[in-house]
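# Structure assessment
So the chains spell out like this:
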Amino acid sequence: MRRAVPFLLVLILGIVIGGMLFSKTVQRSFLAVHICEKDCLELKDLAGPLGSLGILHTPSLLPFLEAQSAECVAVRHPKPEGRFHLVFLPKRDVRNVLELTPEDIPFLAGCLALAREQVAKAGISNYRLVTNGPELHHVTYFHFHVIAK
């Protein structure tokens, strides 16, 4: 019984902290692994909520962090397609462009403002601003790229 009490306290504490950390993330099903038709858990689906935790709670610890604002985080792409390749992630968990809501608009506007700042800072004018559809995402988290060849 003496060993069970600390274990239960740690378990309860873990559940409470986990609930707080994931409270602002989009709900995703991690239990749909037994029937692999269209809703199976993929690595990109796991990367979405885990990345969301970093973006929402500890953005300054993200690898390749380039800049951030109150609404957005900019990171260097680990495998750039050109001499300038930043990825902009809103500080609001959205899986893809089809799930954007009116509440997400300030975060999108913040990302566009941060992209404008980074493009101006780099002094580039020949670039692409791109977002991929859900099937092309490597991470299930809405983001867009600014790429200059």
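This structure is a prediction, so every number in the text was calculated from the model and none was measured.

## A few points about the state of the cysteines
Under the definition given, this model contains one disulfide. There is a disulfide in this structure between Cys72 and Cys111, and the S-S distance comes to 2.2 Å. Looking along the S-S bond of the Cys72-Cys111 disulfide, the torsion reads about 100 degrees, which is the right-handed sense. Of this pair, Cys72 sits in strand S2 (residues 72-76) while Cys111 sits in helix H3 (residues 105-122), placing them 39 residues apart in sequence.

## Concerning the pattern of salt bridges
Tallied over the full model, the rule gives four salt bridges. Here Arg92 makes a salt bridge to Asp104, at a shortest N to O gap of 2.3 Å. Of this pair, Arg92 sits in the loop between strand S3 (84-90) and H3 while Asp104 sits in the loop between S3 and H3; the two residues are 12 residues apart in sequence, bridging distant segments of the chain.

## Re the pairing of S2
Burial of S2 is extensive: four of the five residues sit out of reach of the surface. Bridging between strand S1 (residues 65-68) and S2 involves three bridges; their strand directions are antiparallel. Its bridge partner lying in S2, Leu65 is registered against Val75. The turn joining S1 and S2, which pair antiparallel and follow one another in sequence, is formed by three residues. The sheet contact formed by S2 and S3 spans five bridges and is antiparallel.

## A look at the layout of surface pockets
The volume enclosed by the largest pocket comes to roughly 670 Å³. Lining the largest pocket are 25 residues, and of these Val75, His77, Pro78, Val87 and Val139 sit closest to its centre.

## What about the nonpolar core?
As a rule of thumb, nonpolar side chains are buried together in soluble globular proteins. Ranked by internal contacts, the top residues of the largest apolar core, which has 17 residues, are Phe84, Phe88, Leu114, Phe144 and Val146. Looking at this core, the elements with two or more residues in it are S2, S3, H3 and strand S5 (144-148). In terms of residue count, the dominant contributor to this core is H3 (five residues). The residues touching Leu114, leaving out its near neighbours within four places in the chain, are Ala67, Gln68, Ser69, Cys72, Val73, Ala74 and Phe88.

## A few points about the environment of Phe84
With respect to the helices, strands and loops of the structure, Phe84 is situated in strand S3. Sequence-distant contacts of Phe84, defined by excluding residues within four places in its chain, comprise Gln118, Val119, Ala122, Ile124, Val146, Ile147 and Ala148.

Each value, and the rule that gives it
Residues numbered from 1 in each chain as written. Predicted model: local features only at pLDDT ≥ 70, side-chain atom pairs only at ≥ 80, totals over all residues. Heavy atoms only, no water. Disulfide = S-S within 2.5 Å. Helix = DSSP H or I, 4+ residues; strand = E, 2+ residues; numbered from the N terminus. Salt bridge = Lys/Arg side-chain N within 4 Å of Asp/Glu carboxyl O. Buried < 20%, exposed > 50% of the residue type's maximum accessible area, 1.4 Å probe, protein only. Pairing = 2+ DSSP bridges. 1 Å grid on protein atoms, 1.4 Å probe; cavity = no way out; pocket = protein on both sides within 12 Å on 5 of 7 lines; lining within 4 Å. Points joined across faces, edges and corners; volume = space filled by probe spheres on them. Core = buried A, V, L, I, M, F, W, Y, C linked by side-chain atoms within 4.5 Å. Contact = heavy atoms within 4.5 Å.

In short, shape yes, function no, at least from these values alone.
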